2 protein chains.
Amino acid sequence: MTKIFQEQETDQSELLQKAKKAKHASAVLAKSTTKQKNHALRAISAQLLEEQAYILTENNKDVEVGRQNEMSESLVDRLKLDETRIQDMADALIQLTKLADPVGEVLEKWERPNGLTMSKIRVPLGVVGMIYEARPNVTVDASSLCLKTGNAVVLRGSSTAIHSNKAIVAVIHRALEKSELPVESVQLLEDTSREAASHMFKLNQYLDVLIPRGGAKLIQTVVQNSTVPVLETGAGNCHIYIDETANVQMAIDIALNAKTQRPSVCNACESILVHQAWADKHLPLLLSALQDQHVTIHGDELVQKLSPNVIAAEEEDWGTEYLGLEVAIKIVGDVSEAIEHINTYGTKHSEAIISKSSESVDQFFMEVDAAAVYHNASTRFTDGFEFGFGAEIGISTQKLHARGPMGLPALTSTKYIIRGNGQIK
Amino acid sequence: MTKIFQEQETDQSELLQKAKKAKHASAVLAKSTTKQKNHALRAISAQLLEEQAYILTENNKDVEVGRQNEMSESLVDRLKLDETRIQDMADALIQLTKLADPVGEVLEKWERPNGLTMSKIRVPLGVVGMIYEARPNVTVDASSLCLKTGNAVVLRGSSTAIHSNKAIVAVIHRALEKSELPVESVQLLEDTSREAASHMFKLNQYLDVLIPRGGAKLIQTVVQNSTVPVLETGAGNCHIYIDETANVQMAIDIALNAKTQRPSVCNACESILVHQAWADKHLPLLLSALQDQHVTIHGDELVQKLSPNVIAAEEEDWGTEYLGLEVAIKIVGDVSEAIEHINTYGTKHSEAIISKSSESVDQFFMEVDAAAVYHNASTRFTDGFEFGFGAEIGISTQKLHARGPMGLPALTSTKYIIRGNGQIK
């Protein structure tokens, strides 16, 4: 049909072959029942446990290559599997079987004056392209969420996890052979070159969506180069704004929690904005609480005056995701200045106000442009499990399709079904 | 912050200046009340009527240039405004004030065991980029739908309608001056070069979504080149499948209606698939009914045997959107073959089955991958007004965000609002 189609037909790359298989599988998956899908998930869970030794042997190859290449210990930790992690994957698959299947759900139903009856139902997206970094557990996670929602998946993991990913996908395939779902539903690209990934960015014909999972650089590369629709996840430059009327202990507890409880994640706090009047009285308390937890502080001039251990904040600090025990602190005149700062430097992820003023809170809720806005709670709650979704594909920081933590429905589209008795226009 | 940001800061192109103004305006629009927005829409309606003579004079300049350049009469017809068309635009604006404002709607509300209360509310998208062809009424239509949903808009129309578009936007600006909405909410690019459009495709920093409206070529250019999320609209290679058990008169009436009532639109039928058994008895009736309406028929071998006036269908006919009085007809063995054909050549827009078999209908509904699937009704009903939405931004043929006719909610995103009393993780 289109020129693009013909060109791709002659290019039998690994990606193209596997994307086509996934596309074919997606048609079968779309009509699979919840029972068939849950049965397959249980089969994968059992197979992972049964072939644990094989997975660990293959994973160890990646870890050894990583150590030879002087991979950092934190990356090795993300890469390394053990019995507990495999058990966690197997358990998560069983948990997933207990969640409601969104496919087939009737979202709306109405009748038109001409007698047409209309309904809007949830259907799978089709084929999901998943591009991710070192963690091999994403291989199981992405595959299982896609299967539960009737989608085929083309996985493109990191070269550093290629042995682990191949082993896990081989195990998934052996489990799918015992199920009624197509084995071709889960495809792993063994070619982890940049060229293969670039080709994936443009494969609109076979891929319905691309989901990047990893660091800000990976995500931006996918967003900036893909013509396939992208579900943008991840980068979080989250703020805690402490308003004039904030309860002192609550503000300190929330700021500390949001900054230090797990600093490497996207919903951790990176900047604290403090109302001038609150700062005058209580900022030294907050600074020492942070410093007790070994947090390096980058502050504006007013903050620097209060503590000799504050580093001068540069313009770029306001836009930095430290992902570690560092924070930027700025004094602001009022809630409007805080909102302006957040909307300038934030990544539209999670933003919190600590305040007793309902007026300030209402303004903050209305004007801050972010997926999740909090009053008197830590930004760390932005998470599919904390939201009660029972599963999470990622946290969307874009505005189309899905925003914030994405549960199973984010992996679905809709279809209008119209029943008539001969209506013409 | 990012490199892209800095580069763009130094490039003060018309697009960039106007996109920035739109972005600033969007923050004010996001907190505008329904009353303020409806007041602005009424002001625009009145101003259009008041300045009708000016708009018609400017429109006439475009028509004259078009005629000098030997523009086809059908394009001139799309371009040309008259008193009736301006009255229609003014009336549509008043209709729009009567529709519910989706912004602020609470979509979900729940409480977590830790006491956090969660709600999901509708918010505007931000800034919408609209890229469209000759019709100047899209300028009013797009602007008003965006304003109603609290979005700013950057309009990029065709060079062939530039006088009309400038006049209409000047009129909109004069109306906005009398309203409480920012005048900067509606921006028209006067630079209609391809370079300016290409720049728009990549302006992720200021544009939240791009909506192309026009022919298949325009839409594919936008889809294939944009990194800004796109709402893909339009192309419709729609099929009518006449099953073995189809009522003869109903099948003929629906096929005729879908093909001939308005052949130039995306929900018109382009191919008819006919079950072998029905064809054996009734195909000559269908063919002569179509030929009576001057429809050129491209048929497969079996169809050709039945009528001397049938042109042999080539492979490319199955994928062609004729948008005129032409149709491709193919005989199929069963509903599965019809579905396979539709999923191979269709554009996932609107597909209909005419049948008395609930089994065939269920299979068709389940397996055909399209925005709208019909039983015993014409595909011509795929339209925001026919669906009862009261407005339409376009018909989405993509699977993310919105699928099928898009009403006002398609121009919104969501935000999670979380209220706590000191919760930390």
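Just so it is clear, the structure is predicted and the values come from calculations on it, not from any experiment. (Residues numbered from 1 in each chain as written. Chains lettered and ligands numbered in written order. Predicted model: local features only at pLDDT ≥ 70, side-chain atom pairs only at ≥ 80, totals over all residues. Heavy atoms only, no water.)

**Considerations on the sheet that holds strand E8 (residues 269-275) of chain B**
Going by this rule: Strands were regarded as paired on the criterion that DSSP finds at least two bridges between them. Where helices and strands are cited, they refer to DSSP runs of H or I of at least four residues and of E of at least two residues respectively, numbered from the N terminus. Contacts between residues were defined by any pair of non-hydrogen atoms, one from each residue, lying within 4.5 Å. Here, axes are lines fitted to C-alpha atoms. For helices the fit covers the stretch in contact, and angles between N-to-C directions go from 0 to 180 degrees.
The 10 strands lie next to each other as E1(A)-E2(A)-E16(A)-E13(B)-E12(B)-E7(B)-E8(B)-E11(B)-E9(B)-E10(B), forming an open sheet whose pairing is mixed. Looking at the sheet topology across the chains shown, the edges are occupied by strand E1 (106-111) of chain A together with strand E10 (311-312) of chain B. Bridge count between strand E7 (residues 238-242) of chain B and strand E12 (residues 350-354) of chain B: 4 bridges; the pairing is parallel. Across the sheet, residue Ile242 of chain B finds its bridge partner in E12 of chain B, namely Ile354 of chain B. Along the sheet, helix H15 (residues 358-367) of chain B makes contact with strand E16 (412-423) of chain A together with E7, E12 and strand E13 (372-377) of chain B, crossing E16 of chain A at roughly 145 degrees.

**Description of the environment of Glu232 of chain B**
All names here are of chain B. Threshold: Per-residue accessibility, obtained with a 1.4 Å probe over protein chains only, is compared with the maximum for each type, and a residue is labelled buried under 20%, exposed over 50%, and partly exposed between these values.
Tracing the backbone through its elements, the reader meets Glu232 in the loop between helix H10 (216-225) and E7. When its relative accessible area of 19% is taken as the criterion, Glu232 is described as buried. A C-alpha to C-alpha distance of 5.5 Å links Glu232 and Ser396, two positions 164 residues apart in sequence. Contacts of Glu232, omitting those with residues within four sequence positions, involve Ile219, Gln220, Val223, Ile395, Ser396, Thr397 and Gln398.

**Comments concerning empty space enclosed by the protein**
To locate leftover empty space, one rolls a probe as large as a water molecule over the atoms. Residue and element names in this part refer to chain A. Heads up, the rule is: Each cavity reported here is a set of points on a 1 Å grid over the protein atoms alone in which a 1.4 Å probe fits but cannot get out, each pocket an open set with protein on both sides within 12 Å along at least five of seven lines, and each lining residue one with an atom within 4 Å of a point. Grid points are joined across faces, edges and corners, and a volume is the space filled by probe spheres set on the points. In this classification, Asp, Glu, Lys and Arg are treated as charged, Ala, Val, Leu, Ile, Met, Phe, Trp, Tyr, Cys and Pro as nonpolar, and every other residue, Gly included, as polar.
What the rule picks out here adds up to 1 cavity of 30 Å³ or more. Lining the largest cavity are Ile342, Asn343, Gly346, Thr347, Lys348, Glu351 and Asp369. Considered class by class, the residues forming the lining of the largest cavity number 1 nonpolar, 3 polar and 3 charged.

**Side note on the interface of chain B and chain A**
We apply this condition: Here the quantity called buried area is the total loss of accessible area, with a 1.4 Å probe, experienced by two parts when brought into contact, counted for both. Salt bridges, as used here, are contacts in which a Lys or Arg side-chain nitrogen is within 4 Å of a carboxyl oxygen on Asp or Glu. In protein, a polar contact requires one atom able to donate a hydrogen and another able to accept it; more generally it is a pair of N or O atoms within 3.5 Å, and residues adjacent in sequence count only if both atoms are side-chain atoms.
With 72 residues of chain B at the contact, the number on the chain A side is 72 residues. Taking both sides of the interface into account, the surface hidden between chain B and chain A amounts to around 6100 Å²; carbon and sulfur atoms contribute 56%. When residues of chain B are sorted by the area they lose upon contact with chain A, Leu400, Tyr416 and Lys425 of chain B head the list and together hold 13% of the total. On the surface where chain B and chain A come into contact, there are 6 salt bridges. Ionic pairing is found between Lys31 of chain A and Glu367 of chain B, a salt bridge with its closest N-O pair at 2.9 Å. At the boundary of chain B and chain A, one finds 37 residue pairs in polar contact (both at pLDDT 80 or more). Looking at the side of chain B that touches chain A, the elements with two or more residues in it are strand E2 (117-124), H10, helix H11 (248-260), helix H14 (335-345), H15, E13, strand E15 (404-406) and strand E16 (412-423) of chain B. Top element by residues in the side of chain B that touches chain A is E16 of chain B. It accounts for 11 residues.

**Focus: the sheet that holds strand E3 (residues 127-132) of chain A**
All names here are of chain A. Taken together, 4 strands build an open sheet; the order of strands is E5-E4-E3-E6 and the sheet is parallel. Sheet topology places strand E5 (186-188) and strand E6 (209-213) at the edges, where each strand pairs with a single neighbour. Strand-to-strand twist of the sheet, defined as the mean angle between neighbouring strand axes without regard to direction, takes the value 20 degrees. With 3 bridges connecting them, strand E4 (residues 152-156) and E5 associate as parallel partners.

**Things to note about the domain arrangement of chain A**
Size of an interface, as often reported, equals the accessible area lost when the parts are brought together. Filter applied, for reference: The domain boundaries here were taken from an automatic or database domain assignment.
Domains assigned within chain A are domain 1 (3-233 + 402-419) and domain 2 (238-385). Each of domain 1 of chain A and domain 2 of chain A was reduced to a C-alpha centroid, and the two centroids are 36 Å apart.

**Thoughts on the packing of helix H3 (residues 34-50) of chain B against helix H6 (residues 83-98) of chain B**
All names here are of chain B. Short version of the rule: Reported orientations rely on four angle classes, namely roughly parallel under 35 degrees, roughly antiparallel over 145, roughly perpendicular from 65 to 115, and oblique for the rest. By convention, the crossing between two helices is left-handed when the near helix turns anticlockwise from the far helix through less than a right angle, and right-handed when the turn is clockwise.
One can describe the packing of H3 onto H6 by two numbers: an axis separation of 9 Å at closest approach and a directional angle of 170 degrees. Our classification of the angle between H3 and H6 gives roughly antiparallel. Both H3 and H6 take part in a crossing whose hand is left-handed. Between H3 and H6, the contacting residues are Asn38, Leu41, Arg42, Ile44, Ser45, Leu48 and Leu49 on the first element and Ile86, Gln87, Met89, Ala90, Leu93, Ile94, Leu96 and Thr97 on the second.

**Structural notes on the environment of Glu351 of chain A**
Residue and element names in this part refer to chain A. Checked against the element boundaries, Glu351 lands in strand E12 (residues 350-354). Counting along the chain gives 28 residues from Glu351 to Thr379, while the straight-line C-alpha distance between them is 6.4 Å. Once residues lying within four places of it in the same chain are set aside, the contact partners of Glu351 are Asn237, Cys238, His239, Ile342, Gly346, Phe364, Val368, Ala370, Ala372, Val373, Tyr374 and Thr379. At a separation of 2.8 Å, a polar atom in the side chain of Glu351 contacts the main-chain amide nitrogen of His239.

**Observations regarding the relation of the copies chain B and chain A**
Keep this limit in mind: Residues below a pLDDT of 70 in either copy are left out; the C-alpha atoms of the rest, at least 70 in both, set the least-squares superposition of the copies.
You can overlay chain B on chain A at an RMSD of 0.0 Å; the transform is a turn of 180 degrees with a shift of 0.0 Å along its axis. What the rotation and shift describe, once combined, is the action of a two-fold rotation axis. Relative to the rotation axis, the C-alpha of His401 of chain B is the closest in chain B, positioned 1.7 Å from it. When the interface residues of chain B are mapped onto chain A, 100% of them again fall at the interface, so both copies present the same face.

**With respect to the pairing of E2 of chain B**
All names here are of chain B. The buried count for E2 comes to 7 of 8 residues, which makes it a mostly enclosed element. Note that strand E1 (residues 106-111) and E2 share 5 bridges and pair antiparallel. Across the sheet, residue Glu108 finds its bridge partner in E2, namely Lys120. Two successive antiparallel strands, E1 and E2, enclose a turn made up of 5 residues, where Gly115 displays a positive phi of approximately 95 degrees.

**What to know about unusual backbone geometry**
Across residues other than glycine, the phi torsion is negative in most instances, and most of the peptide bonds are trans. Residue and element names in this part refer to chain A. Of note, the phi angle at Glu70 is positive, near 55 degrees, even though the residue is not glycine. Here Glu70 shows up in the loop between helix H4 (52-68) and helix H5 (73-79). A positive phi is found at Leu323, a non-glycine position, where the angle reads about 55 degrees. Its place among the elements puts Leu323 in the loop between strand E10 (311-312) and strand E11 (326-332). A residue is classified by how much of its surface remains accessible, and Leu323, at 36% relative accessible area, is partly exposed.

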